[in-house]
Amino acid sequence: METPRPTSHSDFLVNKKRIRVLGLSLDDAIKIFFGGNAVLSVIVLALITYFLFQEGFGFFGQNHRNLLTYRQAGLEYVDFIRTQESGHIALTRYLSDLRLRQYNEYVATQKMLPSAANDALAKFDEFAVQYGDAVESIRGMVSDLTEQATAIKTKFLIAEDKKIERQQLLAAGKIEAAAAVKIETVDFAAELHVLKGILPLYKETNADFAKKLDAALMAAPKFTTPELSARFDRFKELTRDYLATFPSTTSSLETWDYTRPVPWYQAISAFLFGREWLTASFWQDWYGIVPLLMGSIMVSLVALVIAVPLGVGAAIYINQIASAREQRIVKPSIEFISAFPSVVLGFFGIAVLGQSLRWLSQQAWLAWVPGFPFSERLNILTAGCLLALIAVPTIFTLAEDALQNVPKAFKEASFALGATRLQTIIKIVVPASLSGIISAVLLGLGRVIGETMVVLLCAGNRIAIPDFTAGLAVVTQPVHTMTGIIAQEMGEVVRGSIHYRALFVVGIVLFFLSLGINFIAQKIVRKYRISIG
Amino acid sequence: MDIKSPFSSPASGRSIPVTTSPAGATLIDIDHVDFYYGASQALHDISLKIEEKKVTAFIGPSGCGKSTLLRCLNRMNDLIDGTRVAKGQIKIRGIDIYDPSVDVIELRKRVGMVFQKSNPFPKSIYENITYGLRLQGRSNKSDLDAVVEKSLRGAALWDEVKDRLHTSGLGLSGGQQQRLCIARAIAVEPEVILMDEPCSALDPIATVKVEELIQELRTKFTIVIVTHNMQQAARCSDKTAFFYMGKLIEFADTRAIFMNPANAQTEAYVSGRFG
């Protein structure tokens, strides 16, 4: 006989043990917890991006004012003549190089005593002095004008500061105190009158200068070897070219007008294409990203040139050739490199690598290597080598993944057709994983370009565009990088100043660079998934 | 057809004598073979003679060693660490293929293979077929073109793909892909084609096409086929070997195996009582 069950038939589906959290079912609570985490990270990301842009975009307005002041205070005017002066300095440097070569020729080849060699160069020295002194009057003029223009600029900046002070007082409600702030308005026309008044004198001085250079060339000394003579002919040619620029300098001065507006786009182009990053200067600050961008690119390029063969090669070996035992040892070792804090790598770079590379470069039997010997221990090469170390684990791991994803069936089919292991790797495995390998390299590049500590410590931190005329030897020059400059200068800038904002814009450029690299890498990976099928 | 002596690679002096022996002569002689994966024995004392220009089917339940034996015939098992032939010999035309002097690359050129899952390379149809030839250094365009057409015709695929030879082989249907793999295998003109359950991933229509293809290929090649499908073995093979637990239970003419098996286990298997 069946006894009736105590529960009624209709509620057997109702779960009595359901756990409730804050009035929600467990499922919903879990959903909200994880969803909340995702939303939070998106919000934080958005805030960072917003902050970056908000701080950065003010730069362009400030830079525009910066450029405007440069013109209005007459600094631009003075720089025309200063450029002319520095052209002459470059030429005298060429001349002293020439003297050194001739001296070496006397001493080394003709076995002269140093004193005799100097005597033989007396005529040359006379020429060099004459050539060098020719610029004196121009130089004096530049230094006078510099003082005047600086005075105008200072006056203007003080006036601007006072204006801000008054506004702040007004805002605080202190009307009397605000009225007491005296603002000296700068009358650019009157101030610059003195500056422009120099023009007739400049023309006179300049004509005299040109005449002196001509005269000096007439009395040119003779050289003992055809090579040196050829160099001196080149020097004469350079001088003639230099003289040919005089009329354009004069006309620039004549047509210069402080009221001419600075177009708005110049604030952007002066940043993007500016070849100088010069801050806290007594004369004029320039915020041009090119030297920093070039520095970052060069260092990353060197790093990739080293890291790609190492990383991809190691990945191919480990994935395709190595025995299981080797895999167990080598794989974790390579991945272990990324456990080093980059500041430790940087320290290693300064103390060991830079030192050793320089020592190596000074060995006689390596003199054939381009750029050897070099004297700067911290340079593109040192930083590039260390960055390669940072990129290798990334490239290795991702490339190994890509190779791992190649179906085993492809390899089997290739072997079954009589391919050797090498043929299978080159013709089947690598092509099938190529896009994965490329994206591994790109992500390695992204890792390298954002790396800060190593480049700050080891790239040499000289803000200059590398001299590409040196060929491959360019890698032995010190550079500064985008990441390095932010880390180095952010601590000492005034919040809200143009310099502060310029660093943010550098950060934005870096952000877009990384974004672009990652985006391309993602695209390639997605395409690769489809092609394998 | 000028058949290059299969084992005449420069390094190894030994070569399998090429004779135009009639269909039915022994081509592969498997002689008391024991095979191990590491410590576990997969094949126990297998002896079997595979005849030339015949289709030999290996049947048996999963894990019985039939695929392992198949992969011994072109030494594909070498690719797996820890495998070894512990005892016995496998001879092709009298040459022990596990002899150290044998060039395994040459062996695989002569003993082609088609896999369970179709595996065309992620390349064009044309490149898939010419891959084996290019490995041998053949690059004459008209020469390759001729081989591509001949192989695709041989695999009954030519009419379907002749207009898209340079599109990816992965764009074909499953059955077409498997026939492409067969075309790729016959392009290098092997003597033997090993087929490891070639139809297990195909639908019935594609299966019929591949089975018809096997009937055509038997006139030119010696075929060894592993199959789970007993009807397939009955339809396409001349000889059938039944394996169970790594042992060869019975090997005889296909008709005899299915109609009049000598062994009780064979009878139970072919009649569907286990497996």
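If you're wondering where the values come from, they're calculated on a predicted model, not measured in any experiment.

### Some remarks on the side chain of Thr 83 of chain B
Residues and elements named next belong to chain B.
Then step 1. Position of Thr 83 relative to the elements: it lies in strand β4 (residues 83–92).
Then step 2. Only 2.8 Å separates the side chain of Thr 83 from the backbone oxygen of Asn 77, close enough to count as a polar contact.
Then step 3. Setting aside anything within four residues of it in sequence, one finds Thr 83 in contact with Phe 35, Tyr 36, Tyr 37, Asn 77 and Asp 78.

### Remarks on the sheet that holds strand β1 (residues 26–37) of chain B
Then step 1. Spatial strand order, β2-β1-β4-β5 (chain B): 4 strands in an open sheet with antiparallel pairing. Both outer strands of the open sheet, β2 (40–51) and β5 (95–96) of chain B, are each paired with one neighbouring strand and no more.

### Considerations on the packing of helix α15 (residues 380–404) of chain A against helix α17 (residues 421–449) of chain A
If you want to describe how two helices pack, look at the angle between their axes and the distance between the axes.
Residue and element names in this part refer to chain A.
Then step 1. In contact at an axis separation of 8 Å, α15 and α17 are set at 150° when each is read in the N-to-C sense. It follows from the interaxial angle that α15 and α17 lie roughly antiparallel. Considering the relative orientation of α15 and α17, their crossing is right-handed. Contact residues: α15 offers Leu 387, Ile 390, Ala 391, Thr 394, Ile 395, Leu 398, Ala 399, Ala 402 and Leu 403, while α17 offers Val 429, Ser 433, Gly 436, Ile 437, Ala 440, Val 441, Leu 443, Gly 444, Arg 447 and Val 448.
Then step 2. For the contact of α15 with α17, a count of residues per class yields 14 nonpolar, 4 polar and 1 charged.

### Observations concerning the packing of helix α5 (residues 136–171) of chain A against helix α7 (residues 188–196) of chain A
Residue and element names in this part refer to chain A.
Then step 1. Between α5 and α7, the least distance of the axes is 10 Å, while the angle of their chain directions is 170°. If you check the angle between α5 and α7, you find them roughly antiparallel. Along the contact surface, α5 presents Leu 145, Gln 148, Ala 149, Ile 152, Lys 155 and Phe 156, while α7 presents Phe 188, Glu 191, Leu 192, Val 194 and Leu 195.
Then step 2. Looking at the contact of α5 with α7 residue by residue, the classes come out as 8 nonpolar, 1 polar and 2 charged.

### Description of the nonpolar core
Then step 1. In terms of nonpolar packing, the biggest core is built from 140 residues, with Ile 28, Ile 30, Phe 58, Leu 152 and Met 195 of chain B touching the most fellow members.
Then step 2. The biggest single contributor to this core is α15 of chain A, with 13 residues.
Then step 3. Once residues within four sequence positions are removed from consideration, Phe 58 of chain B is found in contact with Leu 48, Ile 50, Lys 66, Leu 69, Leu 70, Val 224, Ile 225, Val 226, Thr 227, Ala 241 and Phe 243 of chain B.
Then step 4. Listed in part, the 48 residues of the second largest apolar core include Phe 124, Leu 199, Tyr 202 and Phe 223 of chain A.

### So, the environment of Thr 154 of chain A
Then step 1. Here Thr 154 of chain A shows up in helix α5.
Then step 2. Overall, Thr 154 of chain A belongs to the partly exposed group, its relative accessible area being 40%.

### Focus on the sheet that holds strand β10 (residues 247–253) of chain B
Residues and elements named next belong to chain B.
Then step 1. One open sheet accounts for 6 strands, arranged β6-β7-β8-β3-β9-β10; its pairing is mixed. Whereas interior strands pair on both sides, the edge strands pair on one side only; in this sheet they are β6 (111–114) and β10. This sheet shows a mean twist of 15° between the axes of neighbouring strands, independent of strand direction.
Then step 2. When strand β7 (residues 192–196) meets strand β8 (residues 222–226), the two strands line up parallel, connected through 5 bridges. Directly across from Val 192, in β8, lies its bridge partner Thr 222.
Then step 3. Those strands touched by helix α7 (residues 204–217) are β3 (55–59), β7 and β8, and its axis lies near 150° from that of β8.

### Describing the interface of chain A and chain B
Then step 1. The interface of chain A with chain B comprises 18 residues on the first partner and 23 residues on the second.
Then step 2. Summing both partners gives a buried area of about 1,800 Å² for chain A against chain B, and 68% of it is carried by carbon and sulfur.
Then step 3. Along the contact surface separating chain A from chain B lie 1 salt bridge.
Then step 4. Across the salt bridge formed by Glu 412 of chain A and Arg 71 of chain B, the nearest N and O atoms sit 2.5 Å from each other.

Rules used throughout
- Residues numbered from 1 in each chain as written.
- Chains lettered and ligands numbered in written order.
- Predicted model: local features only at pLDDT ≥ 70, side-chain atom pairs only at ≥ 80, totals over all residues.
- Heavy atoms only, no water.
- Helix = DSSP H or I, 4+ residues; strand = E, 2+ residues; numbered from the N terminus.
- Polar contact = N/O pair within 3.5 Å; in protein donor to acceptor, adjacent residues only side chain to side chain.
- Contact = heavy atoms within 4.5 Å.
- Pairing = 2+ DSSP bridges.
- Axes fitted to C-alpha atoms, helices over the stretch in contact; angles between N-to-C directions.
- Parallel < 35°, antiparallel > 145°, perpendicular 65-115°, else oblique.
- Left-handed = near helix turned anticlockwise from the far one by under 90°.
- Nonpolar A, V, L, I, M, F, W, Y, C, P; charged D, E, K, R; others polar.
- Core = buried A, V, L, I, M, F, W, Y, C linked by side-chain atoms within 4.5 Å.
- Buried < 20%, exposed > 50% of the residue type's maximum accessible area, 1.4 Å probe, protein only.
- Buried area = accessible area lost by both parts, 1.4 Å probe.
- Salt bridge = Lys/Arg side-chain N within 4 Å of Asp/Glu carboxyl O.

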